[in-house]
Amino acid sequence: MTHTLPPRTRPYEDLRERVAVRPRRSLPRAGARGAIGAMAMSGLRQLTTSIGLVAKVPPESVLERTMPGLFRQVHPKQRPALVELAHWGYGACGGVLFGLLPSAVRGRPWVGPVYGAAIWAAFETAIAPALGLPRHPRTTVERLALLADHLLYGVVVGASPWPHQEKPAED
């Protein structure tokens, strides 16, 4: 008697299956939660930059580095709006990624803040170096301020009842 193991599935097939069984509205809602979380972060960053805890917000550095021509074409008074729109877009993408997590994980109250902290750590250790962003020496206070706004993002993204109360879409 020979035993055969089932063929291994590719990791992306599992992801495709999980996304396919979700209601059609769940990922756009997750993206909206991410954008709203980024808006909350922006409010906290307004406070931390205005009192001098944060010198320059990371989305501005990213735009200056990755799209210098576009950034220079925008009038200096309008650049903050461009930075905000980019930040909300990043937040929406992060919200969709959070929405792709299994519901058993998303439903835990601590997962949102951990997710926000993980995004902060990923930016600090991988994304910023990969983009070649200048590494100015940040103070501990500045790092803690940036971590705090990412924790807030995670709270907002993870606190909504949407991912926990998804209902199948009616056709």
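See the structure shown above.
Trainee: What should I look at first to understand the overall build of the protein in this one?
Mentor: On a plain count of helices and strands, the protein comes out with 8 helices and 0 strands. Starting at the N terminus and ending at the C terminus, the protein contains elements arranged as α-α-α-α-α-α-α-α. Counting every position in the protein, which comprises 171 residues, the buried fraction comes to 32%. A sequence separation of at least 24 residues applies to 74% of the contacts in the protein between residues at least 6 apart. Carbon and sulfur atoms form 65% of the exposed surface of the protein, whose accessible area is close to 10900 Å².

Trainee: In this structure, what is going on with the pattern of salt bridges? I would like to understand it.
Mentor: Any two side chains of opposite charge can pair, so long as their charged atoms come close to each other. Going through the model one piece at a time under the given rule, you end up with 2 salt bridges. Between Asp149 and Arg45 there is a salt bridge, with its nearest N and O atoms 2.5 Å apart. Of this pair, Asp149 sits in helix α8 (residues 140–159) while Arg45 sits in helix α2 (residues 26–50), and the two are 104 residues apart along the sequence. Since its relative accessible area comes to 1%, Asp149 is described here as buried. One salt bridge connects Arg143 with Glu124, and the closest N-O pair in it is separated by 2.8 Å. One end of the pair, Arg143, is in helix α8; the other, Glu124, is in helix α7 (residues 111–131), with 19 residues separating them in the sequence. What makes Arg143 partly exposed here is its relative accessible area of 29%. By relative accessible area, which is 7% here, Glu124 ends up buried.

Basis of the calculations
Counting of residues starts from 1 at the beginning of each chain's written sequence and follows it residue by residue. Predicted model: local features are reported for residues with pLDDT of at least 70 only, side-chain atom pairs are reported and counted for 80 or more only, and whole-chain, interface and lining totals are derived from all residues. Excluded from the side-chain calculations are hydrogens and water; all other atoms, namely the structure's heavy atoms, are used. Working definition: helices are DSSP H or I runs of at least four residues, strands are E runs of at least two. Numbering for both runs from the N terminus. Accessible area is worked out with a 1.4 Å probe on protein chains only. A residue is then buried under 20% of its type maximum, exposed over 50%, and partly exposed in between. Pairs of residues are marked as contacts when any of their non-hydrogen atoms sit within 4.5 Å. The protein chains shown are the only cover counted for residues, whose accessible areas, like all others here, come from Shrake-Rupley with a 1.4 Å probe. The working definition used for a salt bridge is a side-chain nitrogen of Lys or Arg within 4 Å of a carboxyl oxygen of Asp or Glu.

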